[in-house]
Amino acid sequence: MSNDHAHPSGNRQYFTTWCWLLLMTLFALAIGYVPMPEGVKAFLLVVVTLAKIGLIGSIFMHLKFEKMNLVMLTFSPLLLAIILFFMTRGETRMHDATHVVLSHEGWVPPVEGAAEAEHAK
Amino acid sequence: MDASVAEQQRILASDWGGGKSPFGTDWAKFMMWIFIISDALTFAAMLIAYGFMRSISPAWPKQTEVFNMVLITFMTFDLISSSAVMAMAVGAARAGDAKTAVKYISLTILGGAIFLGCQVYEWSHFIEHGARLGHNPWGVPQFAATFFVITGFHGFHVFSGLTILAIVAIRAAMGKYSATSVENAGLYWHFVDVVWVFVFAFYYLL
């Protein structure tokens, strides 16, 4: 069976998509360097990453021209990732004040029970 | 009886009636999509496992201070560019222009080879500074372990992609190719790019 849907023929759209992807990569890089709360940084990076994936999927992989059945099928790994994330979230230390991203320039690891001691004060 | 035949034809004409592909693709392309989805599930599990290990660790090194981010950004630029060129190769193959398709596929292979070269450099540099699967000088062992496993698995995919592209390019140069085979190789290559976009954001930047 041959494909019965339209495909783009010119390279102009690919070039425009490439420009957008580069811009978003630079934006993501800036997010990585600008000091901000980790939650905000994670949210912004997820948004930028999903936007990039959307562009690559729809234009480069031609999902824009495929049937919705196939498009929905491609979302299943993302759905699994979200389920896995929430399944494991309870076991993590996401809300633990002692969990930090460290700079390897003279960082001292937190003492066990320091958060409880601080809380008791 | 007529009504029954008409009903049968109506069912066959519907998406899930058995008369046509509900996904509107030929079998080879659909199988490539199934493969990509199953592979994406593996990478999704890996990245979630990385996130879990990171969040159960008391501390995690700041990646932007450990890695050469200029190199990582260049690698990202390189892979995105090769993906765009591959999309052009698919367009040329669909238009029946084998010569242009081979030219673009060759450029894609060059981009992939540069990416792999950068990754070899990054790995050797990381190992030279004392990083091993079980320990590293920056903090928890999981930091280096997840780096080696995730980027290694991705690098293996890049290598596989280069092999597939080389085969497709040689066949196209010999005139033994179909637009679908170029498109399928392209789908795989774009998938490799998609995975790197996730790795770049969640391993190197977050």
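Everything numeric here is computed off the predicted structure, so don't read it as measured data.

1. Overview of the overall build of chain A
Line of reasoning, step 1. Of the regular secondary structure elements, chain A holds five helices and one strand.
Line of reasoning, step 2. For chain A, the α and β elements follow one another from N to C terminus as α-α-α-α-β-α.

2. What to know about the packing of helix H1 (residues 12-33) of chain A against helix H4 (residues 69-94) of chain B
Line of reasoning, step 1. H4(B) packs onto H1(A) with a crossing angle of 165 degrees between their chain directions and a minimal axis gap of 10 Å. With respect to H4(B), the element H1(A) is oriented roughly antiparallel. The two elements H1(A) and H4(B) meet at a crossing, and its hand is right-handed. Here Tyr14(A), Thr17(A), Trp18(A), Leu21(A), Leu22(A), Thr25(A) and Leu29(A) of H1(A) lie close against H4(B), whose contacting residues are Thr73(B), Thr76(B), Phe77(B), Ile80(B), Ser81(B), Ala84(B), Ala87(B) and Met88(B).
Line of reasoning, step 2. Among the residues forming the contact of H1(A) with H4(B), the class breakdown is 10 nonpolar, five polar and no charged.

3. Describing the environment of Ile105(B)
All names here are of chain B.
Line of reasoning, step 1. Within the fold, Ile-105 resides in helix H5 (residues 98-128).
Line of reasoning, step 2. For the pair Ile-105 and Val-85, spaced 20 residues apart in sequence, the C-alpha separation works out to 7.5 Å.
Line of reasoning, step 3. What Ile-105 contacts, discounting residues up to four positions off in sequence, is Ala-89, Leu-165, Val-168, Ala-169 and Ala-172.

4. Remarks on the interface of chain B and chain A
Line of reasoning, step 1. Between chain B and chain A, the residue contacts involve 48 residues of the former and 56 residues of the latter.
Line of reasoning, step 2. Sorting the residues of the side of chain B that touches chain A by element identifies helix H2 (27-56), strand E1 (59-61), helix H3 (63-66), H4 and helix H7 (179-205) of chain B as the ones contributing at least two each.
Line of reasoning, step 3. Here the element with the most residues in the side of chain B that touches chain A is H4(B); it accounts for 11 residues.
Line of reasoning, step 4. The class makeup of the residues in the side of chain B that touches chain A is 30 nonpolar, 12 polar and six charged.

5. Remarks on the nonpolar core
Line of reasoning, step 1. Ala89(B), Ala101(B), Ile105(B), Val182(B), Ala201(B) and Leu205(B) are the most contacted members of the largest nonpolar core, which has 77 residues in total.
Line of reasoning, step 2. Of all elements in the fold, only H1 and helix H2 (38-60) of chain A together with H2, E1, H4, H5, helix H6 (141-173) and H7 of chain B reach the threshold of two or more residues within this core.
Line of reasoning, step 3. Of the residues forming this core, the biggest block, 18 residues, is contributed by H7(B).
Line of reasoning, step 4. For Ala89(B), the residues in contact, after removing those within four places along its chain, are Ala101(B), Tyr104(B), Ile105(B), Thr108(B), Val182(B) and Gly186(B).

6. Thoughts on the environment of Ile56(B)
Line of reasoning, step 1. Inspection of the secondary structure assignment puts Ile56(B) in helix H2.
Line of reasoning, step 2. Residue classification places Ile56(B) among the partly exposed positions, given that 16 C-beta atoms sit within 10 Å.

7. Focus on the packing of H2(B) against H6(B)
All names here are of chain B.
Line of reasoning, step 1. Taken N-terminus to C-terminus, the directions of H2 and H6 make an angle of 170 degrees; their axes are 11 Å apart at the nearest point. With respect to H6, the element H2 is oriented roughly antiparallel. Across the interface between the two elements, Met-46, Tyr-50 and Met-53 from H2 touch Gln-142, Thr-146, Val-149, Ile-150 and Phe-153 from H6.

8. Looking at the confidence of the model for chain A
Residues and elements named next belong to chain A.
Line of reasoning, step 1. The predicted model of chain A has a mean per-residue pLDDT of 78, with 69% of residues at 70 or higher.
Line of reasoning, step 2. H1 holds the highest mean pLDDT among the elements of chain A, 94, whereas helix H5 (residues 114-120) holds the lowest, 51.
Line of reasoning, step 3. Contacts of residues 104-112 to residues separated by more than four positions or lying in other chains number 10 contacts, the stretch itself having pLDDT below 50.

Thresholds, definitions, all that
- Residues numbered from 1 in each chain as written.
- Chains lettered and ligands numbered in written order.
- Predicted model: local features only at pLDDT ≥ 70, side-chain atom pairs only at ≥ 80, totals over all residues.
- Helix = DSSP H or I, 4+ residues; strand = E, 2+ residues; numbered from the N terminus.
- Axes fitted to C-alpha atoms, helices over the stretch in contact; angles between N-to-C directions.
- Parallel < 35°, antiparallel > 145°, perpendicular 65-115°, else oblique.
- Left-handed = near helix turned anticlockwise from the far one by under 90°.
- Contact = placed C-beta atoms within 7 Å.
- Nonpolar A, V, L, I, M, F, W, Y, C, P; charged D, E, K, R; others polar.
- Core = buried A, V, L, I, M, F, W, Y, C linked by C-beta atoms within 7 Å.
- Buried ≥ 20, exposed ≤ 12 C-beta atoms within 10 Å, placed from the backbone.
- pLDDT = per-residue confidence, 0-100.

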